[in-house]
Amino acid sequence: MVTVVKKTFKLGLIVSTILLIIMWAALLAYYNNTLKFPRWYKPYPINAKECHDPSVVQKKFNPELVKVSIHTISTPHGELKAWHNKALKNRQNKGALLVHGGGGNHNMLNPYAHLLSQYGWDSLSIDLPNHGCSYNNQKGLSHGTVESKDFEKFYILGNSLFDLKAIIATSMGVLVSAPHAFNNNWPVKLLFENPMISFQKIVTDQRSYYIPPMAKPFFEWQILKLNTHLMSKPLTDYKPNKGQKILLLYGSQDSLTPVEQASELLKSWEENTSLTVIEGAWHAQLIQHAPGLLQKIVEDFILN
């Protein structure tokens, strides 16, 4: 009888261990895939009308305030797409470069484009590589690694269309745009929403999934080992020029890039940087959550 119990216990232990390993591997695979192909990541097919016909995006703007045109940028890696939202009333010949976040596209920061047009400012909405209508290697998000390629070409295009005075970027868009702006000393104001400091921080700091505390370090270590090709130099290693002014915006309910990360950027970028926290706002939903406050921020920080 004792022998039977021991054998049953041993078999149960083996089965439980196998099931635990399977569950762990499934969770690891699920999260690893979600990092690259989140549910909101939906690039356009190459023949999508929106990628070639400016009237599609034009319908999203007031035709009395904005005229939309599409621009194609050729690169050694493929074609990049950008949308010039030209102000029609009281045009100042000034404008901003709008840089979407991971999984987004040229439409993501349209609320800023609408707002800027009311003041006679143009904007250039872009699709980063692997996003929207730009070239795509079919490997999903690279969290800045692929998306950063040829980014200077968007800046050059913007300056050829208007006097580019500001960059408004959100999430991964900050990880892409900030190093270029700092290293090239671009004379622009920088409005950064919920910056993604590095791929490593997305894995270790975000709170979108639950892992038991004792297992969390091992889980994160495995994810990072699986994605060493996505490891990036953190934003805190880059330094702005003294003349570059930066405003950080965070949502208090952001679980992907928690507001606590702001202290690292404030410490690294020092006197160049200020912080505004939007109470109750989630990740990349700041202007939608508090349009009146964001309009005042644009007026005070961007336009003046």
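You'll find the structure just up there.
**Brief notes about the sheet that holds strand β3 (residues 94-99)**
Within a sheet, neighbouring strands are paired by backbone hydrogen bonds and run either parallel or antiparallel to one another. Across the sheet, which stays open at both edges, the eight strands sit in the order β1-β2-β4-β3-β5-β6-β7-β8 with mixed pairing between neighbours. Two strands in the sheet have a free side with no partner beyond their single neighbour: β1 (66-75) and β8 (273-278). Within the sheet, the average angular offset between the axes of one strand and its neighbour, ignoring direction, is 20°. Where helix α10 (residues 291-303) meets the sheet, it contacts β5 (163-170), β6 (189-193), β7 (246-251) and β8, and its direction lies at approximately 155° from that of β6.

**Observations regarding the state of the cysteines**
Cysteine pairs can be linked by a disulfide, which is a covalent bond between their two sulfur atoms. This model, assessed by the stated rule, comprises one disulfide. Note on cysteine connectivity: Cys51 is disulfide-linked to Cys133, with sulfurs 2.0 Å apart. Between Cys51 and Cys133, the disulfide has an S-S torsion of -80° and is therefore left-handed. Remark: Cys133 occurs in the loop between β4 (122-127) and α4 (151-161) and Cys51 occurs in the loop between α1 (2-36) and α2 (54-58); sequence separation between them is 82 residues.

**Describing the nonpolar core**
The biggest cluster of nonpolar side chains holds 51 residues, and the ones touching the most others in it are Leu97, Ile126, Phe151, Phe154, Ile167, Phe182 and Phe192. By residue number, the principal contributor to this core is helix α5 (residues 172-183), which donates seven residues. If sequence neighbours within four positions are ignored, Phe192 has contacts with Ala169, Val174, Ser177, Ala178, Phe182, Ile246, Leu247, Leu248, Leu249 and Trp269. Formed by 31 residues, the second largest nonpolar core is a distinct cluster that contains Ala96, Tyr112, Ala281 and Ala290.

**Let's talk about the side chain of Asn105**
Assignment of secondary structure puts Asn105 in the loop between β3 and α3 (110-117). The buried category is assigned to Asn105, whose relative accessible area is 14%. Polar contacts involving the side chain of Asn105 include one to the main-chain amide nitrogen of Asn107, which spans 2.8 Å. Those residues in contact with Asn105 that lie beyond four places of it in its chain are Tyr44, His100, Ile126, Asp127 and Gly132.

**A word on the environment of Thr72**
Looking at where Thr72 falls in the secondary structure, it is placed in strand β1. Here Thr72 falls in the partly exposed class, since its relative accessible area comes to 40%. Here the alpha-carbon distance between Thr72 and Cys51, two residues 21 residues apart in the chain, equals 9.6 Å. Contacts of Thr72, omitting those with residues within four sequence positions, involve Glu79, Leu80 and Lys81. Side chain to side chain, Thr72 and Lys81 meet in a polar contact 2.8 Å long.

Reading guide: rules and limits
- Per-chain numbering applies: the sequence of each chain, read as written, is numbered from 1 onward.
- Local features are withheld for residues below a pLDDT of 70 in this predicted model, meaning they are given only at 70 or higher, and side-chain atom pairs are given and counted only at 80 or more; totals for whole chains, interfaces and linings count all residues.
- With hydrogens and water stripped out, all remaining heavy atoms of the structure feed into the side-chain values.
- A pair of strands counts as paired when DSSP detects no fewer than two bridges linking them.
- Each helix is a run of DSSP H or I of at least 4 residues and each strand a run of E of at least 2, with the numbering of both proceeding from the N terminus.
- Axes here mean lines fitted to C-alpha atoms, for a helix over just the part in contact, with angles spanning 0 to 180 degrees between N-to-C directions.
- Contacts: residue pairs with any heavy atoms within 4.5 Å of one another.
- A pair of sulfur atoms, both from cysteines and within 2.5 Å, is called a disulfide here.
- Here, the term nonpolar core denotes a set of buried Ala, Val, Leu, Ile, Met, Phe, Trp, Tyr and Cys residues that are joined through side-chain atoms within 4.5 Å.
- Categorising residues by exposure relies on relative accessible area from a 1.4 Å probe, with only protein chains included: less than 20% of the type maximum marks a residue as buried, more than 50% marks it as exposed, and the intermediate range marks it as partly exposed.
- The term polar contact refers here to a pair of N or O atoms within 3.5 Å; inside protein, the definition further demands a hydrogen-donor-capable atom paired with an acceptor-capable atom, and it admits residues adjacent in sequence only when both atoms are side-chain atoms.

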